[in-house]
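Spelled out, the chains give:
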Amino acid sequence: MNPTATLLISCPDQKGLVAKFANFIYANGGNIIDADQHTDFEAGLFLTRIEWLLDGFNLPRDLIGAAFNAIAQPLGAKWELHFSDTVPRIAIWVSRQDHCLLDLIWRQKAQEFNADIPLIISNHPHLQEVAAQFGIDYHHIPITKDNKQEQEIKQLELLRHYNIDLVVLAKYMQIITDNFIQQFPQIINIHHSFLPAFIGANPYHRAFERGVKIIGATAHYATVDLDCGPIIEQDVVRVSHRDNVDDLIRKGKDLERIVLARGVRSHLQNRVLVYGNKTVVFE
């Protein structure tokens with residue numbers, strides 16, 4: 001595949017935005033291969049994703065941002081520029097459960113998404129053999145209420161050492177502190193419920209007690225508010241009165257794998273635009 005560039009843009013809604021952004025690419029010899037847009041009328045925001053081929057584009061990569069900013073700044077636009085041949089580096093954080101970890105590694109090995117996974121961090125030693133099997137560095141960093149701040153410093157140092165772009169909490173059963181998120185905000189979490197239902201711990205047990213007829217899973221960005229970050233992907237599966245807690249957990253694990261993989265893929269393909277506590281996920 002020829003490399004492409006992608007712009008993710010949000011700005012106050014006004015006339016002529018599609019023409020202005022498309023003309024920037026056309027005027028510099030670019031060929032748009034994918035474009036999508038959304039207007040949030042309540043927020044008064046226009047949001048768009050534009051992808052074009054770099055082959056034949058007149059501007060070198062290091063000048064595209066500055067040139068586009070000259071157009072974006074007068075419009076009050078926020079924007080991100082990404083290149084398809086830049087390979088993101090992912091750190092997967094886990095506790096004891098391996099289903100999401102194994103699924104992500106398998107999908108990466110099958111080239112379902114373009115990323116490297118050089119690092120796994122865990123507060124337990126149980127999944128070290130999985131990391132060794134796939135040649136991924138594994139760091140066991142035990143967490144207690146007394147050492148959390150000290151251990152998060154070690155975690156941040158590892159992210160810097162491995163040049164990590166994205167942390168995926170693949171059933172990492174610890175709360176990330178506000179200080180950590182402020183220093184490293186690119187974090188995707190999988191929560192085992194259809195948020196905002198059953199925030200926090202033991203959602204399957206609480207769902208069973210409530211007698212729900214569907215259970216869900218949610219991939220979202222981690223924020224300082226527990227399980228309240230911008231939602232990237234969700235799905236549900238039906239359950240019945242015949243299902244016990246173990247059945248809910250089994251069905252939920254299948255769902256968690258799929259939802260987390262979709263969320264990570266959308267992020268890596270630069271299809272997620274966050275605004276406020278919401279997202280637009282461009283197909």
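These numbers come from a predicted model, not from an experiment.

Draft legend 1. Structural view of the overall build of the chain. Summing up its helical and strand segments, the chain has eight helices and 13 strands in all. Since a compact globule built from 283 residues should have a radius of gyration of about 19 Å, the 21 Å found for the chain is in line with a globular shape. Expressed along its principal axes, the backbone C-alpha trace of the chain runs to roughly 60 × 40 × 35 Å. Sorting the 283 residues of the chain into buried and exposed places 48% on the buried side. Considering only residue pairs separated by 6 or more positions, the chain has 66% of its internal contacts joining residues 24 or more positions apart. Taken as a whole, the chain presents about 14,500 Å² of accessible surface, with 50% of it coming from carbon and sulfur. Of the side-chain charges in the chain, 27 are positive and 33 negative, and the distance between the mean point of each set is 5 Å.

Draft legend 2. Highlighting the nonpolar core. In this structure, I90, I92, L101, L104, I120, L260 and V264 are the most contacted members of the largest nonpolar core, which totals 31 residues. Listed by contribution, the elements that provide at least two residues to this core are β5 (89–94), α3 (99–109), β6 (116–122), α4 (128–133), β8 (166–169), β9 (187–191), β10 (214–221) and α8 (245–268). Sorting elements by how many residues they give to this core places α8 first, with five residues.

Draft legend 3. The arrangement of the layout of surface pockets in detail. Taken as a whole, the largest pocket encloses approximately 1,000 Å³ of empty space. In terms of lining, the largest pocket is formed by 41 residues, of which the most central are H82, H267, L268, Q269 and N270. Listing elements by their share of the lining of the largest pocket, those giving two or more residues are β1 (4–12), β3 (45–53), β4 (78–83), α8 and β12 (272–275). Residue contributions to the lining of the largest pocket peak at six residues, all from β4.

Draft legend 4. Examining the UniProt feature "active site" (unreviewed entry) in the chain more closely. Under the UniProt annotation, "active site" (unreviewed entry) lies at D227. Mapped onto the elements, D227 comes out in the loop between β10 and β11 (231–238). At 3.4 Å, the side chain of D227 forms a polar contact with the side chain of H191.

Draft legend 5. Expanded view of α8. Here α8 spans 34 Å end to end across 24 residues, near enough to the 34 Å set by a 1.5 Å rise per residue. You can read the cap of α8 off the contacts: a side-chain oxygen lies 3.0 Å from the backbone nitrogen of D246, and it is on N244. N270 occupies a position one or two residues after α8 and carries a positive phi of about 55°.

Draft legend 6. Main features of the state of the cysteines. In this structure the tally under the stated criterion is zero disulfides. Of the cysteine sulfurs around C228, a residue in no disulfide, the closest is that of C100, at 20 Å.

Draft legend 7. Region of the structure containing helix α2 (residues 61–75). Its 15 residues give α2 an end-to-end C-alpha distance of 22 Å, which sits within 8% of 21 Å, the value for a rise of 1.5 Å per residue. Of the positions making up α2, those classed as buried are I64, G65, F68, A72 and L75. Packing partners of the buried residues in α2 comprise β1, α1 (17–27), β3 and β4. Residue G76 follows α2 closely and has a positive phi angle near 70°.

Draft legend 8. Geometry of the domain arrangement of the chain. Partitioning the chain into structural domains gives domain 1 (2–81) and domain 2 (87–279). Using only C-alpha atoms to locate each centre, domain 1 and domain 2 end up separated by 31 Å. Each side of the interface is counted separately: domain 1 has ten residues, and domain 2 has seven residues. Put simply, the parts of the chain that give the side of domain 1 that touches domain 2 at least two residues each are β1, β2 (31–40) and β3.

Draft legend 9. Structural detail: the UniProt feature "domain: ACT" (unreviewed entry) in the chain. On the UniProt side, "domain: ACT" (unreviewed entry) is annotated at positions that read residues 6–86 here. Split by type, residues 6–86 is 32% helix and 40% strand. Its first and last C-alpha atoms lie 12 Å apart.

Rules behind the numbers
The residue count restarts for each chain, going from 1 along the sequence in the order it is written. With pLDDT at 70 or above as the cut-off, local features in this predicted model cover only qualifying residues; side-chain atom pairs require 80 or more to be listed or tallied, and sums for whole chains, interfaces and linings still use all residues. Here the side-chain values reflect all heavy atoms present in the structure, with hydrogen atoms and water set aside. A run of H or I in DSSP counts as a helix once it spans at least four residues, and a run of E counts as a strand once it spans at least two, with each numbered from the N terminus. With C-alpha atoms as the basis for the radius of gyration, the globule rule is written as 2.2 Å multiplied by the number of residues raised to the power 0.38. Each residue's exposure class comes from its accessible area (1.4 Å probe, protein chains only) as a fraction of the maximum for that residue type: buried when under 20%, exposed when over 50%, partly exposed otherwise. Contacts were defined at the residue level, with two residues in contact if any of their heavy atoms lie within 4.5 Å. Residue burial considers only the protein chains on display, and all accessible areas are found by Shrake-Rupley using a 1.4 Å probe. We score Asp and Glu as negative and Lys and Arg as positive, and we do not count His or the chain ends. In this description, the location of a charge corresponds to atom NZ of lysine, CZ of arginine, CG of aspartate or CD of glutamate. In this description, a nonpolar core means a group of buried Ala, Val, Leu, Ile, Met, Phe, Trp, Tyr and Cys residues linked to one another through side-chain atoms lying within 4.5 Å. Definitions used throughout: a 1 Å grid over protein atoms alone; a cavity as a set of points that fits a 1.4 Å probe which cannot get out; a pocket as an open set with protein on both sides within 12 Å along at least five of seven lines; a lining residue as one with an atom within 4 Å of a point. Grid points are joined across faces, edges and corners, and a volume is the space filled by probe spheres set on the points. UniProt positions are given in the numbering used here, feature names are shortened, and annotations may be inferred rather than shown by experiment. Nitrogen and oxygen atoms within 3.5 Å of one another constitute a polar contact, given that in protein one can donate a hydrogen and the other can accept it, and given that sequence-neighbouring residues count only through two side-chain atoms. Expected span of a helix: the number of residues minus one, times 1.5 Å. Sulfur atoms of two cysteines make up a disulfide when they are within 2.5 Å. Domains are outlined according to an automatic or database domain assignment.

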